[in-house]
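# Observations on chain architecture
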Amino acid sequence: MMDSPAYLLSVAAVGIALLLLLIIKIRLDPFVSLLLVSAGVAVAAGIPLVDIVPDMETGMGKVLAHVAPIVGLGAMLGKMLEVSGGAQKIADRLLGLFGERRAPLALGVTGLIFGIPVFFDVGVIVLAPVVYAAAKRGGKGMLYYALPLAAGLAIVHGLLPPHPGPVAAAGLLHANMGLIIVFGLICAIPAWILGGYFYSKWIAKRIYVPIPDYVEEGFHDEYAEDGARPLGEPTGTPGGEGTSPATGTRTTPAPEQQQAVPQAGFGTVVAIILLPIVLILLQTFSSILIDDPENPVQKVASFIGAPLMALLIAVLVSFYVLGVRRGWSSKHLVTVAESALKPVGMILLVVGAGGVFGSILVASGVGDVLSSSLTSTGLPLIVLAFVIAWALRIAQGSATVAIVATSGIIATLVEEADLSQAHLALICVAMGAGATATSHVNDAGYWLVSRYFGISEKDTLKSWTVLETIMGFTAFGVAAALSLVV
């Protein structure tokens, strides 16, 4: 009975329902919830008790071996850009280039660029003063300026490495990360244009959200004027006056000290953000164009373009260009790097636990049964990936959890389908699209946007939730169309 398809499907359904119950209703930590449900599914499916823990450890190890160094290095790169003022540099330059009339476009492009190496919540927090400044100058309400920026951050968070969801999907499905970047960008741009730009402007004309009181009272005034120092700019000497990127200590250095610190230019900041992407794409396209593993050029490209090495190179470059060259001490760099890793720990544990869940589904035979059942629906794999990720996103809120859990559910089906790397990459993008759509009250990002930009819950649902849904479905539509021609 335990190996019958109906029973195993029931185990899977109860397991997923229990997982959602633990996360949504009981508010148990997702990491603990995934481990508990994985163990419960293993016992219910008849896996010998002596094998359950080794199977769980195997699932954790496989995922984290691939994901942990990439996410960790990506967090360090993002932190360097954050505390060095790189985000402010991008925003200031783009606002200057596009002008006040095109401020939403400038802010959206800022979100798209800065969102590549930076987590969504960090991006919102760091760039919020830029939105406040634009809103105070333009006077068209917070939605007009905040939504394009947040949309840019959100769409790359769901679709592009080195964010944990796409990286985990690439590892679980053995997809080429370079192709995920290419297809993710192709899908992200029209998704942002429709949702982050056109819908944002449309809804901003119908819902006016004033600048929050704490901004009007001067809480962020130091960043609201043209020519103000970049957010988090480390000026002065340690122990002197300035703002330490490591501690946030507020001081006021002498003018000569401020001028002695060279600042990275706009082109330099953008180059550092794009460096790992270029290296990863170099690996991908060298293997396509040369197609000779013994060719020395391809060997070098494969080495420096491996995601881990590409990000390591970018982090080292950022250490020098944004840190050492600007007068930071080695101790300061270490402090900044360590501060970047602290919030990553729980993210990695959740991703690893998602790998545990997927491993148990495979070991128990549930994965095979699910594959057969899902195949019998007649829906293409890319549609199933999107629908499952979307359902999990709506149910429990976290985009990362939705992507990881979906990857575990369809991993066996993907293996049996013997798909090309292009199709695997598009399936990963489709899962990211599903996990982007319909952010609502159980999503931390929903509350971050609502509270940081002073939007009521009702208006956040009308604006942010609808915007995210438009972006998710648009990205999926582009990915599905591409899957018909690649």
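Reading guide: rules and limits
- Residues numbered from 1 in each chain as written.
- Predicted model: local features only at pLDDT ≥ 70, side-chain atom pairs only at ≥ 80, totals over all residues.
- Heavy atoms only, no water.
- Helix = DSSP H or I, 4+ residues; strand = E, 2+ residues; numbered from the N terminus.
- Phe/Tyr/Trp six-rings, centres within 6.5 Å; stacked < 30°, edge-to-face > 60°.
- Buried < 20%, exposed > 50% of the residue type's maximum accessible area, 1.4 Å probe, protein only.
- Axes fitted to C-alpha atoms, helices over the stretch in contact; angles between N-to-C directions.
- Parallel < 35°, antiparallel > 145°, perpendicular 65-115°, else oblique.
- Left-handed = near helix turned anticlockwise from the far one by under 90°.
- Contact = heavy atoms within 4.5 Å.
- Salt bridge = Lys/Arg side-chain N within 4 Å of Asp/Glu carboxyl O.
- pLDDT = per-residue confidence, 0-100.

### With respect to the environment of Ala39
Position of Ala39 among the secondary structure elements: in helix α2 (residues 30–44). When the C-alpha atoms of Ala39 and Gly15 are compared, they prove to be 9.8 Å apart, with 24 residues separating the residues in sequence.

### A word on the packing of aromatic side chains
Going through the model one piece at a time under the given rule, you end up with 11 aromatic pairs. Pairing Tyr446 with Trp447 gives two aromatic rings, centres 5.0 Å apart and planes at 85°, and the pair type is edge-to-face. Owing to a relative accessible area of 0%, Tyr446 belongs among the buried residues under this scheme. What links up through ring pairs into an aromatic cluster is the set Phe386, Trp390, Phe473 and Phe476.

### Points about unusual backbone geometry
In the segment running from Pro161 into Pro162, the intervening peptide bond is cis, with an omega of 10°. As for its placement among the helices and strands, Pro162 is situated in the loop between α7 (142–159) and α8 (164–173). One non-glycine residue, Thr438, lies in positive phi territory at about 60°.

### Quick notes on the packing of helix α4 (residues 86–98) against helix α6 (residues 120–138)
One way to put it is that α4 packs onto α6 with a least axis distance of 9 Å and a crossing angle of 25°. As far as their axial angle goes, α6 and α4 are roughly parallel. Seen along the crossing, α4 lies across α6 with a hand that is right-handed. Judged by residue contacts, Ala87, Gln88, Ala91 and Leu95 of α4 engage Val126, Leu127, Val130 and Arg137 from α6.

### Considerations on α8
Burial of α8 is extensive: 9 of the 10 residues sit out of reach of the surface. Its buried side turned inward, α8 meets α3 (49–83), α7, α9 (177–204), α16 (344–364), α19 (399–417) and α20 (421–436). Just downstream of α8 lies His174, where phi reads positive at about 55°.

### Regarding the pattern of salt bridges
Counting across every chain of the model gives 5 salt bridges. Through salt bridges that share partners, Arg393, Asp443 and Glu468 make up one connected network.

### Description of the confidence of the model for the protein chain
Residues at a pLDDT of 70 or more form 89% of the protein chain, whose mean pLDDT is 83. For residues 218–261, every residue scores under 50 in pLDDT, and the model assigns this stretch 81 contacts once sequence neighbours within four places are set aside.

### Quick word on the side chain of Thr110
By the secondary structure assignment, Thr110 is in helix α5 (residues 103–114). Beyond its immediate chain neighbours, meaning those up to four positions away, Thr110 contacts Ile90, Ala91, Leu94, Gly115, Leu127 and Leu149.

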